[in-house]
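Architecture and fold: a report
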Amino acid sequence: MPGHAIITGGSSGIGLAIAKLLSSRGASVSLIARNRDKLGAAREVLLSAADGRAKVQTFSADVRDAEELQQAIASAVAAFGTPDWGISSAGIVIPGMFVKQSLRDHEDQWRTNYLGSLQFAHFILPHLEKSSRPRLVLIASGAAFAGLYGYSSYGPAKFAVRGLAESLRVELKPRNVSVTIAFPGDTDTPQLRSELKLRPKVTSELARGGGVMSPEAVAKGIISAAERGDFQVTFGWQLKMLARTHSLIAPLLRGYQDWLIKRSGEDP
Ligand SMILES: NC(=O)c1ccc[n+]([C@@H]2O[C@H](COP(=O)([O-])OP(=O)(O)OC[C@H]3O[C@@H](n4cnc5c(N)ncnc54)[C@H](OP(=O)(O)O)[C@@H]3O)[C@@H](O)[C@H]2O)c1
């Protein structure tokens, strides 16, 4: 399997757990995040887990900044070659009530969670398509399925990531790029630990039933799903149920689009 994985948000939490997993299987990993100290610490974690033999490089870039992100991806490809995995895990959450949150809170989450995923997909695809087994993985959230109390600024950005993944799934299938979107629930990462300090009571009640997973278990679920070519991966029965019932005609619509693509002879 080895290959090369480029991972945004690879210095922490779920992104770092994915990097550990792929690196332990011999993949070269390129981690993209903003904070250089956290990137350095993540690199040390990967190196020490493999007795110094892990192939890991880090790039400080902000996923909200198109130029920086494009440059980081280009540098990662120049050093470690064509990527086989493009994994977008960079994300932030600021829960709170709509009437109390600033527009800045909305904008920060929108630009990091949605624009960051979109820009990553845009810049990595031309490289990814050169792989013999290209996989694009976007990390959304259980908040991407329904409007939830306390998530008016986080949820819509994750809905948008889901919308993007659904279009990419249809368009990239004829180009042999496998697309996987992950919908984790609460996962024990630095993000969750800081979120819990801000989470409104009702939001905590809503999340309580799902429990908290380890980032390693979530990473394993995501990579196994992507290797099987599954489009979507959810965690826990509550999110599985939400994922299945929220839009019942989607499979029909997708099949119709597959048929239209074939009939048109258009190169997507
Ligand atoms: N943990 C959960 O309970 C949970 C649940 C559902 C979904 N998720 C989603 O899973 C993904 C990973 O979350 P996590 O819990 O692993 O978070 P985390 O531990 O806080 O890690 C987030 C990573 O994203 C990077 N990042 C944040 N903003 C960035 C930016 N503008 N540009 C580049 N990198 C940026 C961070 O590094 P820097 O800050 O140094 O840039 C860090 O590497 C996110 O998309 C999150 O929304 C998490």
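This is a predicted model, so every value here is computed, not measured.

Concerning the layout of surface pockets
- Here the second largest pocket is characterised by a volume of approximately 390 Å³.
- Listed by contribution, the elements that provide at least two residues to the lining of the second largest pocket are helix H5 (155–172), strand E7 (232–234), helix H9 (237–245) and helix H10 (250–264).

Focus on a nonpolar patch on the surface
- On the surface, a nonpolar cluster with roughly 730 Å² of combined accessible area is contributed by Leu 248, Ile 249, Leu 252, Leu 253, Tyr 256 and Trp 259.
- With respect to the secondary-structure elements, Ile 249 resides in the loop between H9 and H10.

Observations concerning the packing of aromatic side chains
- Per the stated rule, a full pass over the model turns up 4 aromatic pairs.
- Taking the centre distance of 4.3 Å and the plane angle of 40° together, the rings of Phe 145 and Phe 183 count as tilted. One end of the pair, Phe 145, is in the loop between strand E5 (135–139) and H5; the other, Phe 183, is in strand E6 (residues 178–183), with 38 residues separating them in the sequence. The same class applies to Phe 145 as to Phe 183, namely buried.
- Look at Tyr 256 and Trp 259: their rings are 6.1 Å apart centre to centre, the planes differ by 20°, and that puts the pair in the stacked class. Of the two residues, Tyr 256 and Trp 259 both sit in helix H10, 3 residues apart, roughly one turn of that helix.
- The ring of Trp 85 is capped by Arg 135, whose NZ or CZ atom sits 4.6 Å from the centre of that ring.
- In this structure, Arg 162 packs its charged tip against the face of Phe 159, placed 5.4 Å from the ring centre.

Things to note about the site of the ligand
- For the ligand, the set of nearby residues contains 31 residues, the closest of which are Ser 11, Ser 12, Ile 14, Arg 34 and Thr 189.
- Between an oxygen atom of the ligand and a side-chain N or O atom of Lys 38, the distance comes to 3.2 Å.
- Contact between the ligand and Tyr 154: an oxygen atom at 2.8 Å from a side-chain N or O atom of the residue.
- In the complex, 95% of the free accessible area of the ligand, which totals 880 Å², lies under the protein chains.
- Going through the elements one at a time, helix H1 (13–24) and helix H6 (190–196) are the ones with two or more residues in the shell around the ligand.
- Residue contributions to the shell around the ligand peak at 3 residues, all from H6.

What about the UniProt feature "domain: Ketoreductase" (unreviewed entry) in the chain?
- Here the UniProt-annotated "domain: Ketoreductase" (unreviewed entry) positions come out as residues 3–186.
- End-to-end, the C-alpha atoms of residues 3–186 are 30 Å apart, and along that stretch the chain is 46% helix and 17% strand.

Points about helix H2 (residues 36–49)
- Over its 14 residues, H2 runs 20 Å from end to end, which matches the ideal 20 Å to within 8%, given 1.5 Å per residue.
- Leu 39, Ala 42, Leu 46 and Leu 47 are the residues of H2 that are buried. All buried residues of H2 fall inside an arc of 135° around its axis, so they share one side. Residues of H2 that are exposed and point more than 90 degrees away from the buried face comprise Asp 37 and Ser 48.
- Of the surrounding elements, those touching the buried residues of H2 are H1, strand E2 (28–33) and strand E3 (56–60).
- Its side-chain oxygen at 2.9 Å from the backbone nitrogen of Asp 37, Asn 35 defines the N-terminal cap of H2.

The rules behind each value
- Residues numbered from 1 in each chain as written.
- Predicted model: local features only at pLDDT ≥ 70, side-chain atom pairs only at ≥ 80, totals over all residues.
- Heavy atoms only, no water.
- 1 Å grid on protein atoms, 1.4 Å probe; cavity = no way out; pocket = protein on both sides within 12 Å on 5 of 7 lines; lining within 4 Å.
- Points joined across faces, edges and corners; volume = space filled by probe spheres on them.
- Helix = DSSP H or I, 4+ residues; strand = E, 2+ residues; numbered from the N terminus.
- Patch = residues over 30% accessible without salt bridge, like charges linked within 9 Å, V, L, I, M, F, W, Y side chains within 5 Å.
- Areas by Shrake-Rupley, 256 points an atom, 1.4 Å probe, with all protein chains shown as cover.
- Salt bridge = Lys/Arg side-chain N within 4 Å of Asp/Glu carboxyl O.
- Phe/Tyr/Trp six-rings, centres within 6.5 Å; stacked < 30°, edge-to-face > 60°.
- Buried < 20%, exposed > 50% of the residue type's maximum accessible area, 1.4 Å probe, protein only.
- Lys NZ or Arg CZ within 6 Å of the ring centre and 35° of its normal.
- Near = heavy atom within 4 Å.
- Polar contact = N/O pair within 3.5 Å; in protein donor to acceptor, adjacent residues only side chain to side chain.
- UniProt positions renumbered as here; feature names shortened; annotations may be inferred.
- Expected span 1.5 Å × (residues − 1).
- Arc of directions from axis to C-beta.
- Contact = heavy atoms within 4.5 Å.

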